[in-house]
Amino acid sequence: MNDVRDELLKILKKMDPNIVDDSLDIKFLQQYKNRYDVFGQFKDDKGIYEFALSFDTKGKIYRQHINMIQTLKLREELEKKLRE
């Protein structure tokens, strides 16, 4: 599992170099013979993103979808209102 996480971090850092390593959350992982399908979330300096990637053991990407689901500013405002 750590090998998949490390390879996934390398791929995501190529797309978004500002990713926070500790924020990577793998919610779904399916392994085929030489390919992984992964779904999860990560955070960078702008917001929280959801991703779906399909890649092989050599790092070749077959499918990629990355979408921002929430800005950090919005999250901070919501947490502030919940505390009040």
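Please read these numbers as outputs of a predicted model, since none were measured by experiment. Counting restarts for each chain, with residues numbered from 1 along the sequence as it is written. Whole-chain, interface and lining totals are the exception, using all residues; otherwise, since this is a predicted model, local features are given only for residues with pLDDT of at least 70 and side-chain atom pairs are given and counted only at 80 or more. As a convention, hydrogens and water are excluded, and side-chain values are obtained from all of the structure's heavy atoms.

**Q** Would you mind going over the nonpolar core with me for this structure?
**A** For soluble globular proteins, nonpolar side chains are generally found buried alongside one another. In this description, a nonpolar core means a group of buried Ala, Val, Leu, Ile, Met, Phe, Trp, Tyr and Cys residues linked to one another through side-chain atoms lying within 4.5 Å. Only protein chains enter the calculation, and the probe is 1.4 Å; a residue is then buried if its accessible area is under 20% of its type maximum, exposed if over 50%, and partly exposed in between. L8, L12, V38, F51 and F55 are the most contacted members of the largest nonpolar core, which totals 15 residues. A run of DSSP states H or I qualifies as a helix once it reaches four residues; a run of E qualifies as a strand once it reaches two. Both are numbered from the N-terminal end. Of all elements in the fold, only α1 (2-15), β2 (35-43) and β3 (47-56) reach the threshold of two or more residues within this core. When residues in this core are grouped by element, the largest group, five residues, is from α1. If near-sequence neighbours (up to four positions away) are discounted, L8 is found in contact with L24, I26, V38, F51, L53 and F55. Residues count as neighbours in contact if any of their non-hydrogen atoms are within 4.5 Å of one another.

**Q** Any chance you could explain the pattern of salt bridges here in plain terms?
**A** Between side chains of opposite charge, a pair can form as their charged atoms come close. Salt bridge, as used here, is a side-chain nitrogen of Lys or Arg placed within 4 Å of a carboxyl oxygen of Asp or Glu. As enumerated under the stated definition, the model contains five salt bridges in all. Salt-bridge contacts for R83 lead to E79; the nearest nitrogen and oxygen are separated by 4.0 Å. Linking R83 with E79, this pair stays in helix α2 (residues 72-83), spanning four residues, or about one helical turn. Residue E79 is classed as partly exposed on the basis of its relative accessible area of 34%.

**Q** What exactly am I supposed to notice about the side chain of D37 here?
**A** Mapped onto the fold, D37 is located in strand β2. D37 sits in the buried class, given a relative accessible area of 10%. At 3.5 Å, the side chain of D37 and the side chain of R35 are in polar contact. For D37, the contacting residues outside a window of four places in its chain are F28, L29, Q30, Y32, L53, S54 and R63. As used in this structure description, the phrase polar contact means that two N or O atoms lie within 3.5 Å; if the pair is within protein, one of them must be able to donate a hydrogen and the other to accept it, and residues adjacent in sequence are counted only when both atoms belong to side chains.

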